[in-house]
Amino acid sequence: MANKRVLVIDEESAFTRFLQDDLEQREISVACVYSPGDENGATAFAPNVIVADNEMLCQSNVGLLSKFDRVERKLPLVLMTGTETKLRHGSVASVGTAHSQIVATIAKPFEPNMLAELIDQYAEDSQKINLDSEYITALIESDRLLDNLVVEFQSKHSLTDDRVVGYEALSRLKTRRAISPATIFSAATEISLEIEATMNVIDQVMKLASSLRKSRKSVPVSFNCSAILLTQSDFLDALFARLHKARNLRGSVIMEITEENRVANIKVVAEVCRMLGHHGLTVSIDDYGTGQSNLDRIAEIPFAELKMDKEIFWAFCNNRVPIAVLSSIIDFCHMRGAKTVVEGVETPFHLEKARLLGADQGQGFYWGRAVPPQYLVKDWQGFC
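Residues numbered from 1 in each chain as written. Predicted model: local features only at pLDDT ≥ 70, side-chain atom pairs only at ≥ 80, totals over all residues. Heavy atoms only, no water.

A.B. asks: Which residues make up the sheet that holds strand β8 (residues 164-173), and what are the values?
C.D. replies: With mixed pairing, the eight strands of this closed barrel are ordered in space as β7-β8-β9-β10-β11-β12-β13-β14. Shown here is a sheet whose adjacent strand axes are inclined to one another by a mean of 30°, direction ignored. Of the strand pairs in this sheet, strand β13 (residues 339-343) and strand β14 (residues 361-363) are connected by three bridges, and their pairing is parallel. Residue pairing in the sheet places Glu 343 in a bridge with Gln 363 of β14. (Pairing = 2+ DSSP bridges. Helix = DSSP H or I, 4+ residues; strand = E, 2+ residues; numbered from the N terminus. Axes fitted to C-alpha atoms, helices over the stretch in contact; angles between N-to-C directions.)

A.B. asks: Can you tell me about the side chain of Glu 194, naming the residues and giving the values?
C.D. replies: If you trace the backbone, Glu 194 turns up in helix α8 (residues 191-214). Among the residues examined, Glu 194 registers a relative accessible area of 3% and is labelled buried. Within the structure, the side chain of Glu 194 is placed 2.7 Å from the side chain of Ser 226, a separation counted as a polar contact. (Buried < 20%, exposed > 50% of the residue type's maximum accessible area, 1.4 Å probe, protein only. Polar contact = N/O pair within 3.5 Å; in protein donor to acceptor, adjacent residues only side chain to side chain.)

A.B. asks: Would you mind going over empty space enclosed by the protein in detail, with residue names and values included?
C.D. replies: Counted according to the given criterion, the structure contains one cavity of 30 Å³ or more. Put simply, the largest cavity is a space of about 50 Å³. Met 206, Leu 243, Ala 246, Leu 249, Arg 250, Gly 251, Val 253, His 279, Gly 280 and Leu 281 are the residues that line the largest cavity. (1 Å grid on protein atoms, 1.4 Å probe; cavity = no way out; pocket = protein on both sides within 12 Å on 5 of 7 lines; lining within 4 Å. Points joined across faces, edges and corners; volume = space filled by probe spheres on them.)

A.B. asks: Please provide a residue-by-residue account of helix α1 (residues 14-25), values included.
C.D. replies: End to end, α1 covers 17 Å across twelve residues, agreeing with the expected 16 Å (1.5 Å per residue, within 8%). Among the residues making up α1, those that are buried are Thr 16, Arg 17, Leu 19, Gln 20, Asp 21, Asp 22 and Leu 23. Next to the buried residues of α1 lie β2 (29-33), α4 (112-122) and β7 (149-158). Glu 27 sits one or two residues past α1 and shows a positive phi near 65°. (Expected span 1.5 Å × (residues − 1). Contact = heavy atoms within 4.5 Å.)

A.B. asks: Just give me the short version of the environment of Ile 298, but keep the residues and values in it.
C.D. replies: Structurally, Ile 298 is set in helix α11 (residues 295-298). Separated by 29 residues in sequence, Ile 298 and Val 269 have C-alpha atoms that sit 9.8 Å apart. Discounting chain neighbours no more than four positions away, the residues touching Ile 298 are Ile 285, Tyr 288, Phe 303, Leu 306 and Arg 336.

A.B. asks: If you had to explain the state of the cysteines to someone new, which residues and values would you point to?
C.D. replies: Under the definition given, this model contains zero disulfides. With no disulfide of its own, Cys 225 has Cys 273 as its nearest cysteine by sulfur position, at a separation of 8.4 Å. Classification of Cys 225 by relative accessible area gives buried; the value is 1%. (Disulfide = S-S within 2.5 Å.)

A.B. asks: Go over the pattern of salt bridges, please, and point to the residues and values.
C.D. replies: Tallied over the entire structure, the rule returns 19 salt bridges. Among the salt bridges present, the one from Arg 163 reaches Asp 161, with a minimum N-O distance of 3.2 Å. On the basis of relative accessibility, which here comes to 43%, the residue Asp 161 falls in the partly exposed class. Here the salt bridges do not stand alone but share partners, grouping Glu 168, Glu 256, Lys 307 and Glu 343 into one network. (Salt bridge = Lys/Arg side-chain N within 4 Å of Asp/Glu carboxyl O.)

A.B. asks: Kindly report on helix α14 (residues 348-357), identifying the contributing residues and their values.
C.D. replies: Residue pairs three or four apart in sequence face the same way in an α-helix, which turns once every 3.6 residues. Listing the buried residues of α14 in full gives His 350, Leu 351, Lys 353, Ala 354 and Leu 357. Along α14, the residues classed as buried sweep out an arc of 165° about the axis, all on the same side. Turned more than 90 degrees away from the buried face of α14, the exposed residues are Pro 348, Glu 352 and Leu 356. Elements in contact with the buried residues of α14: α12 (310-317), α13 (323-335) and β13. Where α14 ends, the next residue or the one after it, Gly 358, has phi of about 90°, a positive value. (Arc of directions from axis to C-beta.)

A.B. asks: Kindly report on the nonpolar core, identifying the contributing residues and their values.
C.D. replies: One finds Leu 230, Phe 235, Met 255 and Ile 301 to be the most contacted residues of the largest nonpolar core, which totals 70 residues. By residue number, the principal contributor to this core is α8, which donates nine residues. Look past the residues within four positions of Phe 235 in its chain and what remains in contact with it is Ile 195, Thr 198, Met 199, Ile 202, Cys 225, Leu 229 and Leu 230. Counting residues in each nonpolar core, the second largest holds 27 residues, with Leu 57, Ile 102, Tyr 135 and Ala 197 among its members. (Core = buried A, V, L, I, M, F, W, Y, C linked by side-chain atoms within 4.5 Å.)

A.B. asks: Got a sec to walk through the environment of Ser 180? Specific residues and values, please.
C.D. replies: Take Ser 180: it is sitting in the loop between β8 and α7 (181-184). You can call Ser 180 partly exposed: its relative accessible area is 31%. Put simply, Ser 180 and Asp 132 are 48 residues apart on the chain and 9.5 Å apart in space, counted from C-alpha to C-alpha.

A.B. asks: Could you give an account of unusual backbone geometry, naming the residues involved and the relevant values?
C.D. replies: Cis geometry marks the peptide bond from Lys 108 to Pro 109, where omega comes out at -10°. Structurally, Pro 109 can be placed in the loop between β6 (101-107) and α4. Backbone geometry places Asp 143, a non-glycine residue, at a positive phi of 60°. Relative to the helices and strands, Asp 143 is located in the loop between α5 (132-141) and α6 (145-148). Judged by relative accessible area, Asp 143 falls into the exposed class, the value being 65%. With a phi close to 65°, Asn 319 is a non-glycine residue in the positive phi region. Its location among the elements puts Asn 319 in the loop between α12 and α13. Assessed through its relative accessible area of 68%, Asn 319 is described here as exposed.

What follows is the structure in structure tokens.
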């Protein structure tokens, strides 16, 4: 199995975000270095090829290449430049004191397929099993996890007429966008760190919900919250304080409960959800069809929305799960007065299948990827 891992040394920008997403779609793992503080994570990532901006490399990251040379063979280096007009293979140029072999230069901006071809040509498959958990641990140990977390928003759409009916906040690591929040906030991560990160997301969600109201584009905005957090008094105190302060946002903020691999006391979670509902927070069940989620378990929770995980939806699309199974879930929700959302709608075929199920809403790449909040609201920094 191919094990291509690419380290990108560049400035954070829309281009590098797009580059990460595109290469990951090609099953090429990507990590980035945007500042010297990201070096520990880069070392743990253990790349087998480096792609570096010429200016960034000259300024502060030459030493990082030397670190790799001490533990690996000389890694192939693809140099990105802003002035080079052609692709040059086998360059013998050097950058500062770097010892890595420069195998090509490529001018920015470029199409990702050009870089993907170079990666296929020069990156040798590593035998080391690289774990994302090691990368997360390195960021935590260097106190870089929270600094690298950003919040982006993906739209949610009506399956009747495609109009936008909401947004979901998604946590992303700037330097390793492919890592899921379930990996970032696992049992190995201190709960205090997860609380701080989740509260930051909630602040961004409330800010966007308020901004949308002011711009007369009011739709609810949701955030993910692991069920285990709903059993933590520090988290609940902070959440209730924010809900009290933002009473004008009643009905505009949705909490999507995720369970992942940490099972919380469902009776406690249900009682907390009822209390949060009295403060105007809408409750949603996220990723239904994975982990511990089942109808008996979630029946106690007063949810107003259920989101069907993309894996079970795709299994239905591929005729591995009968329509009756998913239809019964949707009927159950409708009987309770709850809406249903199908995740993983990426193609017209998926959209057709989601409509066939009778679900209310859909979410997925068919309508676009998650974007930073400034893409949704003008003068984002000016909103309070």
